2 protein chains.
Amino acid sequence: MFADCFPIWERLTPAWQDRLTACMYNKTFKKGEILYNGSGNCTGLLIIKTGQLRAYILSEEGREITIYRLLEMDMCLFSASCIMNSVRFDITVEAEKDSQVWIIPAEIYRQMMEESVVVANYTNEIMASRFSDVMWLMEQIMWKSMDRRVAAFLLEELSLEGQMRLKLTHEEIANHLGTHREVITRMLRYFQSEGIIRMSRGVVEVLDTKRLQQMQ
Amino acid sequence: MFADCFPIWERLTPAWQDRLTACMYNKTFKKGEILYNGSGNCTGLLIIKTGQLRAYILSEEGREITIYRLLEMDMCLFSASCIMNSVRFDITVEAEKDSQVWIIPAEIYRQMMEESVVVANYTNEIMASRFSDVMWLMEQIMWKSMDRRVAAFLLEELSLEGQMRLKLTHEEIANHLGTHREVITRMLRYFQSEGIIRMSRGVVEVLDTKRLQQMQ
């Protein structure tokens, strides 16, 4: 049910509930598909029904860094950044797993925000939450060394996947953390020599979670 | 006049205009004074009447990085972050010049946001604008080398100060950019050897603005 994913549903007027029900739709994305790439289009608000999305930025040279992840029931605002004049950055949103997503057309949401103080303040809280994610990331980048960032990333993956065998290439980890593949390869080799992980082709198996927790 | 600094003044109800006029106050801060330091207190919303503020974050070791600057008529939201549940980061706000500031008590603003869709959406735009500043900074940190960041910083200072002689120590520049003093000293020596700047005690004089623009 859409209402379960949209915590302010009960506080919308019946007229808006009807209108939303009529206008929104859902769509399935395969793992790896790009849902939004910032170049002028305005996909709309995304609410994740099942699956997992990743929002990242790209450098001119094609390097990536993950800004935040969106899990079930999370809402993506910046895929509708056209409705907010003051947003001056572009993100790309990719399906990290096969995902089912509700889409609220941007124009409908803009009207809701303009009319409803509940929707406007809800949007505010979502933006503040993403802002906090980015500030956390900034602090990591500024003050933490790469070994601690890799440890924190592997722990996050463990909790997302719920298993010790992580299907991840060195390239993928580098793209999450905004660094070069070689840096990650060197770091993982060190982790392996310390008995913290075991590497095989496209897989990082975590052996010692406690050590990772101490490192991060 | 406060109304001149608060673009949505005309769209507030007369009752709210009266209430705001009664509750807000203004305060003077000397250059270098801390207006807000995030540790639990909730100063309120700050609107800059005259002067210049700097918002920055601190590492555990006391290193700084400037997140954004606030100039005349800008509003600082995060000095009232207690009114937004989803803000999970702390900034420090310091007067960079002698400043006069309007202060709207946090609780009053929270009530305005809850009642008025105009205030809620205005807050949204301000947050989106600061978010964009931070995303810009993140891109700088991730993808730009330090020489380009120092060049961009000096150009920003030129436009803020309106003169070629900048009163800045190497330590201060390092604190803006989140790096060590030694890194800045080395970079400025290189700039000086190239004839881009001239250094003297506590002063950086820019000689070649064009070169800085080409570098950034």
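All values reported here derive from a predicted model rather than from experimental measurement.

Undergrad: Is there a simple way to explain the overall build of chain A in this structure?
TA: Scanning chain A from N- to C-terminus turns up eight helices and eleven strands. The buried share among the 216 residues of chain A stands at 55%. In chain A, the share of contacts with a sequence separation of at least 24, taken over all contacts with a separation of at least 6, comes to 69%. Summing over all exposed atoms, chain A offers an accessible surface of approximately 10,000 Å²; the carbon and sulfur share of this is 47%. Positive and negative side-chain charges in chain A, numbering 25 and 29 respectively, have mean positions lying 6 Å apart.

Undergrad: I'm lost on the confidence of the model for chain A in this one. Help?
TA: Interpreting fine coordinate detail is not advised for predicted regions of low pLDDT. Chain-level pLDDT for chain A is 93 on average; 99% of the residues reach the 70-or-more range. For this predicted complex, the interface score ipTM comes out at 0.88, while the overall pTM is 0.89.

Undergrad: Even after reading the chapter, I still don't get the interface of chain B and chain A, so can you show me in this structure?
TA: One widely used convention gives an interface's size as the accessible area the parts lose upon coming together. Contact residues are listed per partner, giving 45 residues for chain B and 45 residues for chain A. Taken over both partners, the interface formed by chain B and chain A buries close to 3,800 Å², and the fraction arising from carbon and sulfur atoms is 68%. The three residues of chain B that bury the most area against chain A are Phe 131, Met 138 and Trp 143 of chain B, which together make up 20% of that side's buried surface. Applying the counting criterion to the chain B and chain A interface returns two salt bridges. In this structure, the salt-bridge partner of Asp 133 of chain A is Arg 88 of chain B, at a minimum N-O distance of 2.7 Å. On the surface where chain B and chain A come into contact, there are 16 residue pairs in polar contact (both at pLDDT 80 or more). Elements represented by at least two residues in the side of chain B that touches chain A include exactly β4 (53-58), β5 (64-70), α3 (106-115) and α4 (117-143) of chain B. Per-element tally for the side of chain B that touches chain A: the top contributor is α4 of chain B, with 21 residues.

Undergrad: For this particular structure, what's the right way to read helix α6 (residues 170-177) of chain A?
TA: Along an α-helix, residues three or four positions apart point the same way, because every turn accommodates 3.6 residues. Along α6 of chain A, the positions that sit buried rather than exposed are Ile 173, Ala 174, Asn 175, His 176 and Leu 177 of chain A. As for α6 of chain A, its buried residues are in contact with β4 (53-58), β5 (64-70), α5 (146-161), α7 (181-193) and β11 (203-206) of chain A together with α4 of chain B. Looking one or two residues past α6 of chain A, Gly 178 of chain A carries a phi angle of roughly 75°, positive in sign.

Undergrad: Looking at this model, I keep getting lost on the nonpolar core. Mind explaining?
TA: A general feature of soluble globular proteins is that nonpolar side chains tend to end up buried together. Of all hydrophobic cores here, the largest spans 122 residues; its most connected members are Phe 6, Ile 91, Ile 104 and Tyr 109 of chain A together with Phe 6, Ile 91 and Tyr 109 of chain B. Setting aside residues no more than four positions away along its own chain, Phe 6 of chain A makes contact with Leu 12, Leu 20, Ile 47, Met 75, Ile 104, Tyr 109, Met 112 and Tyr 122 of chain A.

Undergrad: I tried to follow the sheet that holds strand β2 (residues 34-36) of chain B on my own but got confused; where do I start?
TA: All names here are of chain B. Sheet architecture is open: four strands sit in the order β2-β7-β4-β5, paired in antiparallel fashion. With partners counted over all chains shown, the strands left at the sheet margins are β2 and β5, one partner each. For this sheet the average axis-to-axis angle between neighbouring strands, irrespective of direction, equals 35°. Bridging between β4 and strand β7 (residues 92-95) involves four bridges; their strand directions are antiparallel. Along β7, the bridge assignment pairs Leu 53 with Ala 95. Against the sheet, helix α6 (residues 170-177) contacts β4 and β5, and its axis sits at roughly 80° relative to β5.

Undergrad: Explain the relation of the copies chain B and chain A to me, please; I cannot follow it from the model alone.
TA: Here chain B sits on chain A after a turn of 180° about the axis and a move of 0.0 Å along it, with an RMSD of 0.0 Å. Viewed as a symmetry operation, the transformation between the two copies matches a two-fold axis. For chain B, the minimum C-alpha distance to the rotation axis belongs to Val 117 of chain B and amounts to 2.2 Å. Most of the interface of chain B is mirrored in chain A, where 100% of its interface residues are also at the interface.

How each quantity is defined
Think of each chain on its own: its residues are numbered from 1, step by step along the sequence as written. To read the labels, note that chains go from A and ligands from 1, taken in the order they are written. Local features in a predicted model are, by the rule used here, given only for residues with pLDDT of at least 70; side-chain atom pairs are given and counted only at 80 or more, and totals for whole chains, interfaces and linings are based on all residues. Hydrogens and waters are ignored; side-chain quantities use all the structure's heavy atoms. Secondary structure counts use DSSP, requiring at least four H or I residues in a row for a helix and at least two E residues in a row for a strand, with both numbered from the N terminus. Whether a residue is buried, partly exposed or exposed follows from its accessible area with a 1.4 Å probe, protein chains only, as a fraction of its type maximum: under 20%, in between, or over 50%, in that order. In what follows, residue pairs with any heavy atoms lying within 4.5 Å of each other are defined as contacts. Working definition of accessibility: Shrake-Rupley area with a 1.4 Å probe, residue cover restricted to the visible protein chains. As used throughout, the charge tally considers Lys and Arg to be positive and Asp and Glu to be negative, leaving His and the chain termini uncounted. A single reference atom marks each charge: NZ on Lys, CZ on Arg, CG on Asp, CD on Glu. Looking at any residue, its pLDDT shows the predictor's confidence there, from 0 to 100. By definition, the buried area sums, over both parts, the 1.4 Å-probe accessible area that each loses when the two are put together. The salt bridge criterion pairs a side-chain nitrogen of Lys or Arg with a carboxyl oxygen of Asp or Glu, the two atoms within 4 Å. Any pair of nitrogen or oxygen atoms within 3.5 Å is treated as a polar contact; in protein, a donor-acceptor pairing is required on top of that, and neighbouring residues in sequence qualify only through side-chain atoms on both sides. We call a set of buried Ala, Val, Leu, Ile, Met, Phe, Trp, Tyr and Cys residues a nonpolar core when their side-chain atoms join them within 4.5 Å. Each pair of strands is called paired provided DSSP finds at least two bridges between the two strands. Lines fitted to C-alpha atoms define the axes here, with helix axes fitted over just the stretch in contact, and angles between the N-to-C directions of these axes take values from 0 to 180 degrees. C-alpha atoms of residues with pLDDT of at least 70 in both copies form the basis for the least-squares superposition of the copies.

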